[in-house]
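Structural characterization, general
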Amino acid sequence: MVTVGVSLKMYFGHERALAWFDAVAARVRSHAGVTSGSVELFITPTYLQVGPAVEAFRGTPVRIGGQDVASADEGAFTGEVSAAELAEVGATIAEIGHAERRRLFGETDAIVAEKTRAALRAGLTPLLCIGERDEQDPDSAAEISLRQLRASLTGAEGGSVIVAYEPVWAIGAAEPAGEEHVRVVAGALRAALEADPLRTGSAVIYGGAAGPGVMTALGDAVDGVFLGRFAHDPDALVQVLDEATRVAERRAA
């Protein structure tokens, strides 16, 4: 299976998000890769858009997630949204530790680990955003990313995770990180997950200026891609879903 993810961040207002959900849902309902299960599509909209997204994609295999999650299960935490509530309204994924959360809101490895544990307790799949801040050689980047992964999973109960390898320096850039760079880092992350019996079924996907051609170029180095603004055009998203389907078919063969 090839995984394609989309984060809408805070780019869409509510009405635009609803229109985008409807446009994408209409396309994936007849998309062979998505309907067959060879391609998994997930979307993380804003909190206010999670419920409408669940409704818009009802009857499809598309998974909906939150862009963040509280580290606590309940209580006096004004402005927070718990993993249990996300699960209650139909979300199945919680995005955790994105570089923007770390940079803008001071999230530390310890906070990321708390949120990972909270997501797993509620039955959500943690979408762990991992990546080095500054451009450097692949081996050094892999070491930093592995350290982040280990920290994110500290004390976590069993359950699969999706690791989004997003080198911070490539987020929003004109071009993705180099193919060999991604192969080295993603390979190290995948090997670490495969060696952990608690993480059976986990995946490693690439984000950071991802678009058409990235999965084909990377071959088996990653399990999919994590898209940003490129996917704002539903037809552009379908291009990547088509590519993911071809990649899945080649792997199956």
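Look a little higher up for the structure.
On a predicted model such as this, the values are computed, not experimentally measured, just so you know. (Residues numbered from 1 in each chain as written. Predicted model: local features only at pLDDT ≥ 70, side-chain atom pairs only at ≥ 80, totals over all residues. Heavy atoms only, no water.)

**Some remarks on the side chain of Thr3**
Note on placement: Thr3 falls in strand β1 (residues 2–7). Given a relative accessible area of 4%, Thr3 falls into the buried group. With residues near it in sequence (within four places) discarded, Thr3 still touches Glu40, Phe42, Ile205, Asp223, Gly224 and Val225. (Helix = DSSP H or I, 4+ residues; strand = E, 2+ residues; numbered from the N terminus. Buried < 20%, exposed > 50% of the residue type's maximum accessible area, 1.4 Å probe, protein only. Contact = heavy atoms within 4.5 Å.)

**Comments concerning the pairing of strand β7 (residues 203–207)**
Burial analysis of β7 places 5 of its 5 residues in the buried class, which makes it a mostly covered element. Residues Ala203, Ile205 and Gly207 line one face of β7 and the alternating positions Val204 and Tyr206 line the opposite face, and both faces are buried. Of the strand pairs in this sheet, strand β6 (residues 162–165) and β7 are connected by 4 bridges, and their pairing is parallel. Directly across from Tyr165, in β7, lies its bridge partner Tyr206. Taken together, β6, helix α8 (residues 179–194) and β7 form a β-α-β motif whose crossover is right-handed. (Pairing = 2+ DSSP bridges. Right-handed = clockwise from strand over helix to strand, strands pointing away.)

**Some words on the packing of aromatic side chains**
Following the criterion strictly, the structure yields 5 aromatic pairs and no others. An angle of 65° between the planes, with centres 6.1 Å apart, marks the rings of Phe12 and Trp20 as edge-to-face. Here Phe12 and Trp20 have matching classes, each one buried. Arranged with centres 6.0 Å apart and planes meeting at 70°, the rings of Trp20 and Phe21 form a pair that is edge-to-face. Phe21 matches Trp20 in its accessibility class, with the two residues each being buried. (Phe/Tyr/Trp six-rings, centres within 6.5 Å; stacked < 30°, edge-to-face > 60°.)

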